[in-house]
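Inside the fold
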Amino acid sequence: MRFSYLKQIIAYMQNFSHIVAAYRANDTTLKLVFNRENSWNFEMARGDSAITIGEVPNRGKMYQAPFDILLAKRLNRSSIQSIALHNNDKIIRITTTTSGSYKSETTILQLEFTGKHTNVILLDKEGIVLEALRHIDEEVSTRSVRVGQKLGEIPSPPYEPKEYPLEDVREFLLHEFRRRSSERLNRLKSEKKSLLHKRLTHLHKHLSALEVENTLLREAEDLQ
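Remember, predicted model here, so these are calculated numbers, not experimental data.

This brings us to the pairing of strand β2 (residues 21-26). Inspection of the sheet shows β2 paired to strand β3 (residues 29-35) by five bridges, in the antiparallel sense. Following the sheet pairing, A22 is matched in β3 by L32. The loop that links β2 with its antiparallel partner β3 comprises two residues.

Let us look at the environment of R146. Along the polypeptide, R146 turns up in the loop between β10 (129-132) and α3 (169-209). For R146, a relative accessible area of 39% gives the class partly exposed. Separated by eleven residues in the primary sequence, R146 and H135 place their C-alpha atoms 5.8 Å from one another. If sequence neighbours within four positions are ignored, R146 has contacts with V129, I136 and D137.

What follows concerns the layout of surface pockets. Summary: where empty space remains is shown by rolling a probe the size of a single water molecule over the atoms. Here the largest pocket is characterised by a volume of approximately 380 Å³. Along the wall of the largest pocket there are 17 residues; nearest its centre are N26, T29, E43, R180 and R184. Those elements that provide at least two residues to the lining of the largest pocket are β4 (38-43) and α3. The leading source of residues in the lining of the largest pocket is α3, at seven residues. Classifying every residue of the lining of the largest pocket by side-chain character gives four nonpolar, five polar and eight charged. By volume, the second largest pocket amounts to about 300 Å³. Taken together, 16 residues form the lining of the second largest pocket, with F3, K90, P157, Y159 and P161 sitting closest to its centre. The residue makeup of the lining of the second largest pocket, split by class, is seven nonpolar, four polar and five charged.

For β3, the tally of buried residues reaches six of seven residues, placing the bulk of the element in the interior. Bridge count for β3 against β4 is six bridges, and the pairing is antiparallel. Looking at β4, one finds that V33 is bridged to S39. Connecting β3 to the next strand, β4, in antiparallel fashion are two residues.

Another point: the pattern of salt bridges. Evaluated as defined, the whole model comprises eleven salt bridges. Residues R24 and D68 are paired through a salt bridge, measuring 2.6 Å at the closest nitrogen-oxygen approach. Here D68 lies in helix α2 (residues 66-75) and R24 lies in strand β2, a separation of 44 residues in the sequence. Considered together, R24 and D68 belong to a single accessibility category, that of buried residues. Notably, a salt bridge pairs R143 with E112, separated by 2.8 Å at the nearest N-O pair. Here the residue R143 occupies a position in the loop between β10 and α3, and E112 occupies one in strand β8 (residues 104-112), the gap between them amounting to 31 residues. Of the two residues, R143 and E112, both sit in the buried class. When salt bridges with common partners are traced through the structure, they connect E43, D48, R180 and R184 into a single cluster.

A few words now on the packing of aromatic side chains. Evaluation of the coordinates by the stated rule reveals eight aromatic pairs. Where Y12 meets W40, the ring centres are 6.0 Å apart and the plane angle is 25°; that geometry is what we call stacked. One end of the pair, Y12, is in helix α1 (residues 3-13); the other, W40, is in strand β4, with 28 residues separating them in the sequence. Centre to centre, the rings of F16 and F34 are 4.4 Å apart; their planes meet at 15°, and the pair counts as stacked.

What counts and how
Residues numbered from 1 in each chain as written. Predicted model: local features only at pLDDT ≥ 70, side-chain atom pairs only at ≥ 80, totals over all residues. Heavy atoms only, no water. Pairing = 2+ DSSP bridges. Helix = DSSP H or I, 4+ residues; strand = E, 2+ residues; numbered from the N terminus. Buried < 20%, exposed > 50% of the residue type's maximum accessible area, 1.4 Å probe, protein only. Contact = heavy atoms within 4.5 Å. 1 Å grid on protein atoms, 1.4 Å probe; cavity = no way out; pocket = protein on both sides within 12 Å on 5 of 7 lines; lining within 4 Å. Points joined across faces, edges and corners; volume = space filled by probe spheres on them. Nonpolar A, V, L, I, M, F, W, Y, C, P; charged D, E, K, R; others polar. Salt bridge = Lys/Arg side-chain N within 4 Å of Asp/Glu carboxyl O. Phe/Tyr/Trp six-rings, centres within 6.5 Å; stacked < 30°, edge-to-face > 60°.

So, in structure tokens, the structure goes:
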């Protein structure tokens, strides 16, 4: 996703004051419900991240990993304190608070749209990692993402991003959902057609290897 788009989306998001619910819609898509009219999808697949508005098909399963449990605990029915781009990069930080019986808790939801670093990370107010969609070891990346450790910074991009104005942010996000859904459907159709073609070729191969029916009938008569 373009940096320019994220800046304009952030400005639009700053109208929201609460997160009603937060959960994973699928393995790599985070759903944030701000109100009845705004149920947003944060698609966090590496190399193909996006923000869209639309109804993802019903969840095939309920995610119960530590990340999902903490996500619901910290963000469901939370108040938004701030939404901003972090470190002048394609990183969204949503700072929230939830009020408990004895104290309020501050949580930072960090959404990284940075190519190979694409991730969703839950931080406390000190920047300590509480949980993450993807845990990254030091051996794998220059920046590790591990529970209980302070999160390091991603190096800032060495270029000045161009501006791409959007006429209507909400309509752009709705259009993105329709476009990506159509692309996924076409890709699925293509994969199924390819699979059926392979199976049909395999069946034709076996069929051509069978002996001719008349020959088999003559052999049967001779044997009788």
